[in-house]
Amino acid sequence: MFKRGDQVEILPEFQGDGDDKFIWIVLGDEEKGRVDISPINISLTIKPIYMFYVNQIKLVAPQKNYKT
């Protein structure tokens, strides 16, 4: 189960161009098999939010204190 603050990676078959260059963080606890994620190493003031099914991502590092 994914928790807020987990660092995740989008599985290759679900990535768009350049997605592998970002550090992705879970924004809220997993609910109904889905989570919202956002890249933290992007230079936008308002960071984009993406919804993924849990079978489309994998855990890289458990909850850390990332600033989202």
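Below is a short write-up of the structure. (Residues numbered from 1 in each chain as written. Predicted model: local features only at pLDDT ≥ 70, side-chain atom pairs only at ≥ 80, totals over all residues. Heavy atoms only, no water.)

1. Here we look at the environment of Gly-28
When you line up the elements, Gly-28 lands in the loop between strand S2 (24-26) and strand S3 (34-39). A residue is classified by how much of its surface remains accessible, and Gly-28, at 23% relative accessible area, is partly exposed. Linking Gly-28 and Asp-6, residues 22 residues apart in sequence, is a C-alpha distance of 9.2 Å. If sequence neighbours within four positions are ignored, Gly-28 has contacts with Lys-3, Arg-4, Val-35 and Asp-36. (Helix = DSSP H or I, 4+ residues; strand = E, 2+ residues; numbered from the N terminus. Buried < 20%, exposed > 50% of the residue type's maximum accessible area, 1.4 Å probe, protein only. Contact = heavy atoms within 4.5 Å.)

2. Structural notes on the sheet that holds S3
What the 5 strands build is an open sheet, ordered S4-S3-S2-S1-S5; its pairing is antiparallel. Every interior strand has two partners, whereas the edge strands, strand S4 (50-53) and strand S5 (57-61), have only one. Each adjacent strand pair in this sheet contributes to an overall mean axis angle of 45°, direction not counted. Bridging between strand S1 (residues 7-10) and S2 involves 2 bridges; their strand directions are antiparallel. Across the sheet, Val-8 pairs through a bridge with Trp-24, a residue of S2. (Pairing = 2+ DSSP bridges. Axes fitted to C-alpha atoms, helices over the stretch in contact; angles between N-to-C directions.)

3. Considerations on the packing of aromatic side chains
One pass over the full model with this rule turns up 2 aromatic pairs. Consider the rings of Phe-22 and Trp-24, whose centres lie 5.8 Å apart with planes at 80°: the pair is edge-to-face. Taking 5.7 Å as the distance between ring centres and 70° as the angle between the ring planes, the aromatic pair formed by Trp-24 and Tyr-50 counts as edge-to-face. Of this pair, Trp-24 sits in strand S2 while Tyr-50 sits in strand S4, and the two are 26 residues apart along the sequence. (Phe/Tyr/Trp six-rings, centres within 6.5 Å; stacked < 30°, edge-to-face > 60°.)

4. Some points on the pairing of S1
Relative to S5, S1 runs antiparallel, the two being bridged by 4 bridges. When the sheet's bridge partners are listed, Gln-7 is paired in S5 with Ala-61.

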